Amino acid sequence: MNRLLIPALWVFSASWGVSSTLEVGLVAHYQFNGNLSDRKGNLNPAVNYGSTFTEDRFGNSNNAISFDGSQYAIINNLSTVLTNASSGITVSAWYKSSKEFFSGFIQNDFNNPMPSPALRIGVYGGNKLYGNLGAWGEYPGGPYLSAITEETFTYNQWHQIVGVIEFGQIPRFYLDGQLCSLITTPPVITSPFTFDSKFAVGTSWEGGRLMTEQNYVQDGAMNDLMFYNRLYRDWE
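The sections below set out a description of the structure shown in this document. (Residues numbered from 1 in each chain as written. Predicted model: local features only at pLDDT ≥ 70, side-chain atom pairs only at ≥ 80, totals over all residues. Heavy atoms only, no water.)

**Side note on the pattern of salt bridges**
As a working rule, side chains carrying opposite charge can pair if their charged atoms are close by.
Reasoning step 1: All chains considered together, the criterion is met by 6 salt bridges.
Reasoning step 2: Glutamate 23 is the salt-bridge partner of lysine 40, the closest N and O atoms lying 2.8 Å from each other. Taken together, the residues lysine 40 in the loop between strand S1 (26-30) and strand S2 (47-49) and glutamate 23 in the loop between helix H1 (6-9) and S1 connect sequence positions 17 residues apart.
Reasoning step 3: The class for lysine 40 is partly exposed, based on a relative accessible area of 29%. (Salt bridge = Lys/Arg side-chain N within 4 Å of Asp/Glu carboxyl O. Helix = DSSP H or I, 4+ residues; strand = E, 2+ residues; numbered from the N terminus. Buried < 20%, exposed > 50% of the residue type's maximum accessible area, 1.4 Å probe, protein only.)

Structural data, given as C-alpha cells:
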C-alpha cells in the first residue's frame, strides 16, 4: 500500500515545528498557534470570523484553530503563491471534527460555466473523505468532478489529510499517511493550476460567498495548514 510519509518527517521544536525537509516548496504555513499568521510571511494573516484557539493533537493549549459550527477564517491571495506551480501542488493539514464539513474553495457555482477551479477538502456522505483537487463540476447534465474516497474519517479524532495535484496524473488524497482508494475519479489537471478565489478555513468559499449550511461548517479544530508549490511523492 502506498504511503505518504509526511508525518514521519516532522521534527517539532519550540520555534515552529517543521523539519528542513518539509521547508522545500513550502509557500504558506498557518500553524494557528494562538494567531492566524502565515509563518512563511508570504501571505497576510487569515481574517477571523469568530473562531478561537484550542488544544492541538499533542495537547498543547492555544495551538489549533477552533470552530463551533458557525465560525471560520478566510485566507486571501493564496493564488499568488500557488498559481503556475511548475510540477504540482500539495496541501496538508490536521483536522478534527464532530460532523461533516468542507474547507477550501470552489471558484464558480451552479450558475457559472463548468468546470471550475477548486481546492476543497472535507468529509461527506456520513464520514467519507471527499474533495476537489484542481476542478469541480457537479451540475445536471455535466461532469462529476469530485473525488469520493473509500476512507473513513473517524469523528472527534485528529487526522492528517494531504491532497496532491500532480499535473498529468489523477489527483491523490492521503488520510493519516495512507493513499486513499477512490469511489469516483477526479479529473486529471494537465496544466499549471490557476485560480482567483478566497480560501475558507472551517467552511468552503464557493461562487463568491461563504457556505454557512450545516453540512459545510466544521465543528472541531484544525492546525498546521500547509501549502506547497510542488508535489510530494509517495517515497518522500
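Structure shown, so let's carry the discussion forward.
**A short note on the packing of aromatic side chains**
The geometry of an aromatic ring pair comes down to the distance between the two centres and the angle between the two planes.
Reasoning step 1: By the definition in use, this model includes 12 aromatic pairs.
Reasoning step 2: Between the aromatic rings of phenylalanine 102 and tyrosine 124, the centroid separation amounts to 5.8 Å while the plane-to-plane angle is 40 degrees, which identifies the pairing as tilted. With phenylalanine 102 in strand S7 (residues 101-106) and tyrosine 124 in strand S8 (residues 116-124), the pair connects residues that are 22 residues apart, well separated along the chain.
Reasoning step 3: Residue phenylalanine 102 is classed as buried on the basis of its relative accessible area, which comes to 3%.
Reasoning step 4: Within the aromatic cluster, the residues linked to one another by ring pairs are Tyr95, Phe101, Phe153 and Tyr155.
Reasoning step 5: The cationic tip of arginine 120 hangs over the ring face of phenylalanine 102; the distance from NZ or CZ to the ring centre is 4.1 Å.
Reasoning step 6: Positioned above the aromatic ring of tryptophan 205 is the side chain of lysine 198, whose terminal nitrogen or guanidinium carbon lies 5.7 Å from the ring centre. (Phe/Tyr/Trp six-rings, centres within 6.5 Å; stacked < 30°, edge-to-face > 60°. Lys NZ or Arg CZ within 6 Å of the ring centre and 35° of its normal.)

**Re the sheet that holds S2**
Reasoning step 1: Taken together, the 3 strands give an open sheet; going across it, the order is S2-S5-S14, and neighbouring strands pair in antiparallel fashion. One side of each edge strand has no neighbouring strand; the edge strands of this open sheet are S2 and strand S14 (199-201). Neighbour-to-neighbour, the strand axes of the sheet open up by a mean angle of 25 degrees, direction not taken into account. (Pairing = 2+ DSSP bridges. Axes fitted to C-alpha atoms, helices over the stretch in contact; angles between N-to-C directions.)

**Digging into the sheet that holds strand S10 (residues 147-152)**
Reasoning step 1: Reading across the sheet, the 6 strands line up as S10-S9-S8-S7-S15-S16 and stay open at both edges, with mixed pairing between neighbours. Each edge of the sheet is formed by a strand with only one pairing partner; in this case those strands are S10 and strand S16 (209-210).
Reasoning step 2: Of the strand pairs in this sheet, S8 and strand S9 (residues 128-136) are connected by 9 bridges, and their pairing is antiparallel. Across the sheet, glycine 122 pairs through a bridge with tyrosine 130, a residue of S9.

**Re the side chain of threonine 90**
Reasoning step 1: Relative to the helices and strands, threonine 90 is located in strand S6 (residues 88-97).
Reasoning step 2: With a relative accessible area of 0%, threonine 90 lands in the buried category.
Reasoning step 3: What threonine 90 contacts, discounting residues up to four positions off in sequence, is Val162, Gly163, Val164, Met226, Phe227, Tyr228, Arg230, Leu231 and Tyr232. (Contact = heavy atoms within 4.5 Å.)

**Things to note about the environment of threonine 52**
Reasoning step 1: Within the secondary structure, threonine 52 is located in strand S3 (residues 52-54).
Reasoning step 2: Exposure remark for threonine 52: the relative accessible area of 41% places this residue in the partly exposed category.
Reasoning step 3: Look past the residues within four positions of threonine 52 in its chain and what remains in contact with it is Ala64, Ile65 and Ser66.

**Here we look at empty space enclosed by the protein**
A probe matching the size of a water molecule, rolled over the atoms, marks out where space remains unfilled.
Reasoning step 1: Enumeration over the complete set of coordinates arrives at 1 cavity of 30 Å³ or more.
Reasoning step 2: Taken as a whole, the largest cavity holds about 30 Å³ of empty space.
Reasoning step 3: Considering the residues around the largest cavity, the lining is formed by Val91, Tyr95, Ser103, Leu119, Arg120, Ile121 and Phe199.
Reasoning step 4: No other element matches the 3 residues that S8 contributes to the lining of the largest cavity. (1 Å grid on protein atoms, 1.4 Å probe; cavity = no way out; pocket = protein on both sides within 12 Å on 5 of 7 lines; lining within 4 Å. Points joined across faces, edges and corners; volume = space filled by probe spheres on them.)

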